[in-house]
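Here is what each chain is made of, one letter per residue.
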Amino acid sequence: MSQAQFSCAVAPQYLEDQSNPARHEYVFAYTVTIVNSGTVPAQLIGRHWVITDATGKTEEVRGLGVVGNQPMLKPGERFEYTSWTRMDTPHGIMHGTYFCMTEDARWFEAPIPAFTLARTQSLH
């Protein structure tokens, strides 16, 4: 039986040169690698992110595709992209879901595991 499945891994990074701690503006980039770990071709159609800062303030972001793309991935293929977010605190967490569809129009969801956004501390 064919199976639809995407696996996701995220690598976050604090962007010091774009942040302004004096104004409580912390900017983070995150690179996502999506792999079609299933047995059928499938397309990423949309996304839903939940971003929570250190005070518990939550923002939800929904939209079509990722960085202007709706990649179609054959089994074993991968797609990587980098995006960013801004928070009012120097650390927080993100998690989400990709909404996907197989070639034969069956919907499935691909969870994006929670990852930490944290300002790196210098050791001087």
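What counts, and at which threshold
- Residues numbered from 1 in each chain as written.
- Predicted model: local features only at pLDDT ≥ 70, side-chain atom pairs only at ≥ 80, totals over all residues.
- Heavy atoms only, no water.
- Pairing = 2+ DSSP bridges.
- Helix = DSSP H or I, 4+ residues; strand = E, 2+ residues; numbered from the N terminus.
- Axes fitted to C-alpha atoms, helices over the stretch in contact; angles between N-to-C directions.
- Buried < 20%, exposed > 50% of the residue type's maximum accessible area, 1.4 Å probe, protein only.
- Phe/Tyr/Trp six-rings, centres within 6.5 Å; stacked < 30°, edge-to-face > 60°.

A. Spotlight on the sheet that holds strand β6 (residues 78–87). Read across the sheet, three strands follow the order β1-β2-β6 without closing on themselves; strand pairing throughout is antiparallel. Two strands close off the open sheet at either side, each with one partner strand: β1 (6–14) and β6. Here the strands of the sheet are splayed against their neighbours by 20 degrees on average, with no regard to which way each runs. Pairing between strand β2 (residues 26–36) and β6: ten bridges, direction antiparallel. Paired with I34 across the two strands is F79, which belongs to β6.

B. Molecular detail of unusual backbone geometry. A positive phi angle is found at V67, which is not glycine, with a value near 40 degrees. Within the secondary structure layout, V67 lies in the loop between β4 (58–64) and β5 (72–73). Assessed through its relative accessible area of 44%, V67 is described here as partly exposed. Phi at A105 takes a positive value of approximately 65 degrees, unusual for a residue other than glycine. On the secondary structure map, A105 appears in the loop between β7 (91–102) and β8 (107–118).

C. Structural view of the packing of aromatic side chains. Taken as a whole, this structure holds seven aromatic pairs when the rule is applied. Ring centres of Y14 and F28 lie 5.4 Å apart, and the angle between their planes is 55 degrees; this geometry places the pair in the tilted category. With Y14 in strand β1 and F28 in strand β2, this residue pair connects regions lying 14 residues apart in the sequence. Each member of the pair Y14 and F28 is classed as buried. Arranged with centres 6.2 Å apart and planes meeting at 35 degrees, the rings of F79 and Y81 form a pair that is tilted. Each of the two residues, F79 as well as Y81, counts as buried. Members of the aromatic cluster, each reached through a chain of ring pairs, are Y30, W49, Y98 and F115.

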